[in-house]
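# Coordinate analysis (summary)
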Amino acid sequence: VNVSGKWMADFFSDATNHSPGVGVFEQTGNSVTGTVLRTSGDYRFLQGNISGDSLMLSYFDGSGLYLIKAKITGSKLSGKFTSGLNGERNLLAALDPAAALPDLKKLSFLKPGYDRIDFKLPTTSGELVSLQDERFKNKVVVIELMGSWCPNCLDESRYLSPFYKKYKDKGVEVIGLAFENSADIAIAGPKITNFQKKIGITYPLLFAGTAEDKTITQVLPMLSKMNGYPTTFIIDKKGIVREIHTGFSGPGTRKYYADWISDFEQTIQSLLAEK
């Protein structure tokens with residue numbers, strides 16, 4: 001069989017726990033490459049093969065592990081998706097050239113009555129940073145809610161680092177809010193610093209606490225809901241939140257990655273042109 005094309009997928013663990021995905025695969029002979037787009041980000045560089053009517057794909061980066069094992073019947077796919085040591089979901093998909101995720105700019109939003117965000121959080125050296133600081137006034141500000149443990153955040157940060165160097169003298173600032181696995185800055189701080197040095201990030205990464213809903217609510221009480229890491233805010237020169245984007249389509253998604261960059265930079269340029 002040949003699985004090249006787009007597949008509209010459903011990942012589920014029970015009758016009440018479903019989430020969408022879009023598989024994008026290319027097949028040459030029995031070799032398959034591609035990824036799966038999710039609302040929280042993509043499954044990066046999947047690789048595997050077809051054997052008879054069976055599809056096997058995997059990804060491992062030294063930390064994150066994904067495995068898809070599925071059977072193909074005509075234009076349908078059914079199987080299991082495993083992540084990490086014990087995460088498992090059922091997977092059903094259908095070949096669909098029009099397969100698409102919901103609008104990722106509408107999944108996260110501010111509560112009624114709010115049009116801006118604020119916070120005061122420390123760098124790993126203890127310096128407190130706030131959006132009210134002078135360096136952010138009259139600037140277009142990009143805020144990435146991320147974690148040093150998050151593969152999609154790694155991909156977005158690898159893009160944002162050179163983006164910032166290109167745009168900082170044009171009136172753009174970037175801030176990363178790091179939600180980590182430990183509430184202790186003595187433990188989380190070195191991981192954030194290592195992440196920053198490894199990528200060459202020159203904008204501030206702030207320690208925001210643990211990657212839990214209750215922590216996000218404390219740090220950003222005006223945010224109605226967060227649906228995945230990373231989540232990216234674009235704020236105009238007046239401090240108003242103009243866009244909130246859930247997830248990140250990384251380089252493993254190819255066209256979607258290029259489209260994301262084009263749309264993002266067009267938005268930034270448009271906001272820079274505003275008086």
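Residues numbered from 1 in each chain as written. Predicted model: local features only at pLDDT ≥ 70, side-chain atom pairs only at ≥ 80, totals over all residues. Heavy atoms only, no water.

## Structural notes on the packing of helix H1 (residues 151-167) against helix H4 (residues 255-273)
To keep things clear, this is the line we draw: Axis angles are defined between N-to-C directions and span 0 to 180 degrees, where every axis is a line fitted to C-alpha atoms and, for a helix, only to the segment in contact. Working definition: helices are DSSP H or I runs of at least four residues, strands are E runs of at least two. Numbering for both runs from the N terminus. By the definition used in this description, the sense in which the near helix is turned from the far one sets the handedness, with an anticlockwise turn below a right angle giving left-handed and a clockwise turn giving right-handed. Here, residues are in contact when the closest pair of their heavy atoms is within 4.5 Å. Residue polarity follows a fixed list, in which Ala, Val, Leu, Ile, Met, Phe, Trp, Tyr, Cys and Pro are nonpolar, Asp, Glu, Lys and Arg are charged, and the others, Gly among them, are polar.
For the pair H1 and H4, interaxial distance at closest approach is 13 Å and the crossing angle is 35°. Relative to H4, H1 is oriented so that their crossing is right-handed. Between H1 and H4, the residues in contact are Glu156, Tyr159, Leu160, Phe163, Lys166 and Tyr167 and Tyr257, Trp260, Ile261, Phe264, Glu265, Ile268, Gln269 and Leu272, respectively. Of the residues that constitute the contact of H1 with H4, the class distribution is 10 nonpolar, one polar and three charged.

## Focus: unusual backbone geometry
Note the following rule: The classification of residues rests on relative accessible area computed with a 1.4 Å probe and restricted to protein chains. Under 20% of the type maximum is buried, over 50% is exposed, and intermediate values are partly exposed.
Cis geometry marks the peptide bond from Tyr229 to Pro230; its omega dihedral reads -5°. Tracing the backbone through its elements, the reader meets Pro230 in the loop between helix H3 (213-219) and strand E15 (231-235). The phi dihedral of Arg44 is positive, around 55°, even though this residue is not glycine. Note on placement: Arg44 falls in the loop between strand E4 (41-42) and strand E5 (46-51). Here Arg254, not a glycine, exhibits a phi torsion of approximately 55°, which is positive. Checked against the element boundaries, Arg254 lands in the loop between strand E16 (241-246) and H4. Under the relative-accessibility criterion, Arg254 is labelled exposed at 51%.

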